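Below are the chains, spelled out letter by letter.
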Amino acid sequence: MATTYDFPSDLLAGQEELHQVRAELSALLKRLPWSVEPLDGFSDDNGWRKVERPASPGWSADEQAEVEKLRRREHELAVFVSTHRYWSDLAGSERVAARSELKHAHEVPPEETGGTS
């Protein structure tokens, strides 16, 4: 049976917000043009695979600011979670196992999803 860790509520909240910020940043970056600056499109088939990009209008100042804001918050949360005082009570492989469990603490276990066996 796997060890269960009693994570402090602030650590759980920080990890959950980190997941949310990363998901929001990822979704934003997928919506934005491929280049921050306006650039012409190109096609290159000289490498091991062909690479094509359409012309990019670039990102607006608001889009750049939003990406920067999310990246800054992601960094703050990653530092908070990784340097939390909770980790000082764990050593070696136990710390690694606990960190891995924390990353998935927000997921609902299969027996709680309402499915039948």
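Residues numbered from 1 in each chain as written. Predicted model: local features only at pLDDT ≥ 70, side-chain atom pairs only at ≥ 80, totals over all residues. Heavy atoms only, no water.

An unreviewed UniProt entry lists the protein chain under the name Nucleic acid-binding protein, with Streptomyces violaceochromogenes as the source organism.

Trainee: Outline the packing of helix α1 (residues 9-31) against helix α3 (residues 92-103), listing residues and values.
Mentor: For the pair α1 and α3, interaxial distance at closest approach is 10 Å and the crossing angle is 60°. It follows that α1 is oblique to α3 by the angle criterion. Contacts from Leu11, Leu12, Gln15 and His19 of α1 reach α3 at Arg99, Leu102 and Lys103. Taken together, the residues that form the contact of α1 with α3 break down as three nonpolar, two polar and two charged. (Axes fitted to C-alpha atoms, helices over the stretch in contact; angles between N-to-C directions. Helix = DSSP H or I, 4+ residues; strand = E, 2+ residues; numbered from the N terminus. Parallel < 35°, antiparallel > 145°, perpendicular 65-115°, else oblique. Contact = heavy atoms within 4.5 Å. Nonpolar A, V, L, I, M, F, W, Y, C, P; charged D, E, K, R; others polar.)

Trainee: I'd like to hear about the packing of aromatic side chains, residue by residue, with values.
Mentor: What describes a pair of aromatic rings is the distance from one ring centre to the other and the angle between the planes of the rings. Under the counting rule described, the total for this entry stands at five aromatic pairs. Pairing Tyr86 with Trp87 gives two aromatic rings, centres 5.3 Å apart and planes at 75°, and the pair type is edge-to-face. Trp87 carries the same exposure label as Tyr86, and that label is buried. Among the aromatic residues, those joined into a ring-pair cluster are Tyr5, Phe7, Tyr86 and Trp87. (Phe/Tyr/Trp six-rings, centres within 6.5 Å; stacked < 30°, edge-to-face > 60°. Buried < 20%, exposed > 50% of the residue type's maximum accessible area, 1.4 Å probe, protein only.)

Trainee: Mind laying out a nonpolar patch on the surface, listing which residues take part and the relevant values?
Mentor: Together, Trp34, Leu39 and Phe42 make up an exposed nonpolar region whose accessible area comes to about 270 Å². Within the element layout of this structure, Phe42 appears in strand β1 (residues 42-44). Exposure remark for Phe42: the relative accessible area of 37% places this residue in the partly exposed category. (Patch = residues over 30% accessible without salt bridge, like charges linked within 9 Å, V, L, I, M, F, W, Y side chains within 5 Å. Areas by Shrake-Rupley, 256 points an atom, 1.4 Å probe, with all protein chains shown as cover. Salt bridge = Lys/Arg side-chain N within 4 Å of Asp/Glu carboxyl O.)

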